[in-house]
There are 2 protein chains.
Amino acid sequence: MKATAQILKEKGLKVTPQRIAVYNMLLNTTEHPNAETIYKALEPTNPTMSLATVYKTLDYFKQLGLVQELNVGEGSSRYDAVVKCHPHTVCIQCGKVRDLYLEELTEIHKKIAEELDFEVRCEQLILYGICGKCRRENNENS
Amino acid sequence: MKATAQILKEKGLKVTPQRIAVYNMLLNTTEHPNAETIYKALEPTNPTMSLATVYKTLDYFKQLGLVQELNVGEGSSRYDAVVKCHPHTVCIQCGKVRDLYLEELTEIHKKIAEELDFEVRCEQLILYGICGKCRRENNENS
DNA sequence: ATCCCTGCAAATACTTTGCATACAA
DNA sequence: TTGTATGCAAAGTATTTGCAGGGAT
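Rules of the game
Residues numbered from 1 in each chain as written. Chains lettered and ligands numbered in written order. Predicted model: local features only at pLDDT ≥ 70, side-chain atom pairs only at ≥ 80, totals over all residues. Heavy atoms only, no water. Contact = heavy atoms within 4.5 Å. Buried area = accessible area lost by both parts, 1.4 Å probe. Salt bridge = Lys/Arg side-chain N within 4 Å of Asp/Glu carboxyl O. Polar contact = N/O pair within 3.5 Å; in protein donor to acceptor, adjacent residues only side chain to side chain. Helix = DSSP H or I, 4+ residues; strand = E, 2+ residues; numbered from the N terminus. Buried < 20%, exposed > 50% of the residue type's maximum accessible area, 1.4 Å probe, protein only. Near = heavy atom within 4 Å. Nonpolar A, V, L, I, M, F, W, Y, C, P; charged D, E, K, R; others polar.

*Asks:* I keep staring at the interface of chain B and chain A and nothing clicks. Help me out?
*Replies:* At the interface, 30 residues of chain B touch 31 residues of chain A. In terms of surface lost to chain A, no three residues of chain B exceed F118, Q124 and Y128 of chain B, which account for 21% of the buried area on that side. In this assembly, chain B and chain A are joined by six salt bridges. Its salt-bridge partner being R135 of chain A, residue E119 of chain B comes within 3.9 Å of it at the nearest N-O pair. Viewed at the interface, chain A and chain B are joined by 15 residue pairs in polar contact (both at pLDDT 80 or more). At the level of secondary structure, the elements contributing two or more residues to the side of chain B that touches chain A comprise β3 (88–91), α5 (103–115), β5 (118–131) and α6 (132–140) of chain B.

*Asks:* Mind showing me how you'd approach the environment of A113 of chain A here?
*Replies:* Residue and element names in this part refer to chain A. Relative to the elements of secondary structure, A113 occurs in helix α5 (residues 103–115). For A113, a relative accessible area of 9% puts it in the buried group. The spatial distance from the C-alpha of A113 to the C-alpha of E123 is 9.7 Å, given a sequence separation of ten residues. Leave out the neighbours within four places in its chain, and A113 touches F118 and V120.

*Asks:* Quick question: what am I supposed to make of the protein's contact with DNA strand C here?
*Replies:* Neighbouring DNA strand C are 19 residues, the closest being Y55 of chain A together with T16, R19, T48 and K56 of chain B. For DNA strand C, the fraction of protein-proximal atoms (within 4 Å) that sit in sugar or phosphate groups is 75%. Note that a phosphate oxygen of DNA strand C is positioned 2.7 Å from one of the side-chain N or O atoms of T16 of chain B. Contact distances for DNA strand C include 2.7 Å between a phosphate oxygen and a backbone N or O atom of T48 of chain B. With four residues, helix α4 (residues 51–63) of chain B is the single largest residue contributor to the surface near DNA strand C. Within the surface near DNA strand C, the residues separate by chemical class into six nonpolar, eight polar and five charged.

No statement about biological role is implied by the geometric values presented.
So, in structure tokens, the structure goes:
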């Protein structure tokens, strides 16, 4: 795997501890954290890190295609180091956001897009509902 | 068509001029306005209307399933009186949000959802890209 | 008459910005 | 050395809330 510093350098970014920390954190989670969560997670190891820097860093990363912004209708945006467009499920009970990988779906969307007078750059599918864990817990308590 | 007052009453809401105005405005537009836009649009005819009331009203409507909230990644939420889940296109150049009606897609999503350990309540597909109008204008200027 | 709704203003949540200092190249 | 990045604090949006007065039923 390519080192984070190398990736940043290739994108023309100066390599700083903060940027490495943010990118690595995103690479090592599937939680789709928001800026605040990233900041809180890095605070222990990067005590001087500021929330503003997290926002600025995420903004650079977004511009350069290193991360993807995801808005599932909460107050804040979530971030994902998986840049390729892919569907997500959002549990409306526990709030968990999960990735889905469905090649077939992408193909279908592409086909449909071709029929529209619209040039698709990115497609975002969000399935809102109840995750398996919450459903089972609900059944137990009823 | 059922009168707005009647619809509100059936939902157990008190019928007020403000609520009628907001709901009618949403019924008569395809612009997917946000709260601010709704407020601005109603100001001329409802000079006492306040933005806070628009927010509260939209919140009630959302709870009762009279409107749908849509977040396409801007700072603010948009609202749609078409409650049935349906895909949208968002032009990343002019910002226009359009409805798509694709029954086939809904069916496909439903089938996929059945294979997941996830109970889908609502699905949201957003296609980001360049609309036909913008693409043609871009071609002329190049 | 009762209780819900409205409008104002203040509060909150999220994000961005200005600027002086610090650090990467 | 040079210019960019950081961190702080202040400012900027979007939205929510508390409360007193007003209006719908």
